[in-house]
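Breakdown of the fold
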Amino acid sequence: MNLFRFCSGLKVLGYFMILLVFAVVALSYNAVIINTWWPILIESSNGALSALACLIISLFHFLLVMLLWSYFTVVFTDPGSVPEHFRSEVESMEAGTSTDQGAFGSLGYCPKCRNVKPPRCHHCSVCQRCVLKMDHHCVWIVNCVGARNYKFFLLFLLYTFLETMLDVVVLLPSFIKFFSQAIKHSSSPGKLASLVLAFDFSIPLMQF
């Protein structure tokens with residue numbers, strides 16, 4: 001029995017992971033902007049504190065926009081695949097060369113696609129095709145990381161790290177203060193849960 005045929009089920013998991021990404025983003029936005037720094041910006045009479053809040057809110061939104069842009073780009077960008085008639089093109093080009101191995105002597109062959117494949121091209125059991133310069137199939141983006149979207153995947157990781165690091169830094173004082181008060185006065189369990197979950201999600205995502 002070929003166990004790799006069950007890998008196609010990872011696509012269904014991938015769509016759930018996209019929803020999870022949006023949930024984490026919404027949770028972080030609620031904790032950092034709505035519950036913490038936006039009230040400080042509109043209510044604080046301290047000019048320096050208001051300026052800090054404005055800076056944090058602006059930086060948060062900039063990183064969030066770049067994170068979502070890189071994420072959607074890597075999700076919807078084709079990683080690159082071997083053309084359907086690549087074998088016939090290779091054979092015609094090899095016919096015109098005088099070397100023993102031909103111009104494409106280092107090419108491999110994929111028995112599943114029944115086609116030749118260039119170096120560093122691998123067959124993805126989830127996408128059911130050969131991907132150019134395949135790195136891996138990422139369930140977070142429901143796509144393979146390959147030749148055409150590798151740059152956007154690295155940008156997504158970079159902006160995710162910067163955004164979550166910002167979350168940790170700006171939420172840490174509020175987390176300590178609010179958690180101390182919540183122990184004595186548990187009047188806002190929803191706000192406490194939002195801060196705790198956003199802070200807990202941010203730390204592991206920094207290592208993602």
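My aim in this report is to walk through the structure given alongside it, one point at a time.

1. Describing unusual backbone geometry
Backbone geometry places K133, a non-glycine residue, at a positive phi of 50°. Checked against the element boundaries, K133 lands in the loop between β4 (129-131) and β5 (136-138). Phi angles above zero are rare outside glycine, and V142 is one such case at about 50°. Relative to the elements of secondary structure, V142 occurs in the loop between β5 and β6 (143-145).

2. As for helix α2 (residues 47-76)
Look at α2: 43 Å from first C-alpha to last across 30 residues, which is about the 44 Å you get at 1.5 Å a residue. The N-capping residue of α2, defined by a side-chain oxygen 3.0 Å from the backbone nitrogen of A48, is N46.

3. Some words on the pattern of salt bridges
Oppositely charged side chains can form a pair if their charged atoms are brought close together. Using the criterion set out here, one finds two salt bridges in the structure. Two residues, D78 and R129, come together in a salt bridge whose shortest N-O distance is 2.6 Å. Of the two residues, D78 sits in the loop between α2 and α3 (86-95) while R129 sits in strand β4, which places them 51 residues apart along the sequence. Here R148 and D78 are joined by a salt bridge, their closest N and O atoms 3.8 Å apart. One end of the pair, R148, is in the loop between β6 and α4 (150-184); the other, D78, is in the loop between α2 and α3, with 70 residues separating them in the sequence.

4. Concerning the packing of aromatic side chains
Per the stated rule, a full pass over the model turns up six aromatic pairs. Aromatic side chains W69 and F152 sit 6.0 Å apart centroid to centroid with 85° between the ring planes, which places their arrangement in the edge-to-face category. A residue pair is termed long-range when its members are at least 10 positions apart, and W69 in helix α2 and F152 in helix α4 qualify at 83 residues. Taken together, a centroid distance of 6.0 Å and an interplanar angle of 65° make the contact between Y71 and F72 edge-to-face. Y71 gets classed as buried once you look at its relative accessible area, which sits at 1%. In this structure an aromatic cluster arises from ring pairing among F22, Y71, F72, F76 and F156.

5. Observations regarding the nonpolar core
Core analysis: the largest hydrophobic core is formed by 28 residues, its most contacted members being V32, W37, Y71, I141 and V170. The set of elements that each furnish at least two residues to this core consists of α1 (10-43), α2 and α4. Top contributing element to this core by residue count: α2, with 10 residues. Excluding anything up to four places from it in sequence, V32 contacts W37, F60, D167, V170 and L171.

So, how was this worked out
- Residues take numbers from 1 onward in each chain, read along the sequence in its written order.
- Residue-level local features of this predicted model are given only where pLDDT is at least 70; pairs of side-chain atoms are given and counted only at 80 or more, and the full residue set underlies all totals for whole chains, interfaces and linings.
- Computation of side-chain values: all heavy atoms of the structure, hydrogens and water removed.
- Runs of E in the DSSP output that reach at least two residues are strands. Runs of H or I that reach at least four are helices, and both are numbered from the N terminus.
- By this rule, a helix spans an expected 1.5 Å times one less than how many residues it contains.
- Pairs of N or O atoms are called polar contacts if they sit within 3.5 Å, as long as, within protein, a hydrogen donor faces a hydrogen acceptor (for residues adjacent in sequence, only side-chain-to-side-chain pairs).
- Salt bridges are defined as contacts in which a side-chain nitrogen from Lys or Arg sits within 4 Å of a carboxyl oxygen from Asp or Glu.
- Between rings of Phe, Tyr and Trp, where Trp is taken as its six-membered ring, a pair exists when centres lie within 6.5 Å; planes separated by under 30 degrees are stacked, by over 60 edge-to-face, and by other angles tilted.
- Each residue is placed in one exposure class: buried if its accessible area under a 1.4 Å probe, protein chains only, is under 20% of its type's maximum, exposed if it is over 50%, and partly exposed if it falls in between.
- The nonpolar core is taken to be a set of buried Ala, Val, Leu, Ile, Met, Phe, Trp, Tyr and Cys residues, with the residues joined through side-chain atoms within 4.5 Å.
- We call two residues in contact when some of their heavy atoms are within 4.5 Å.

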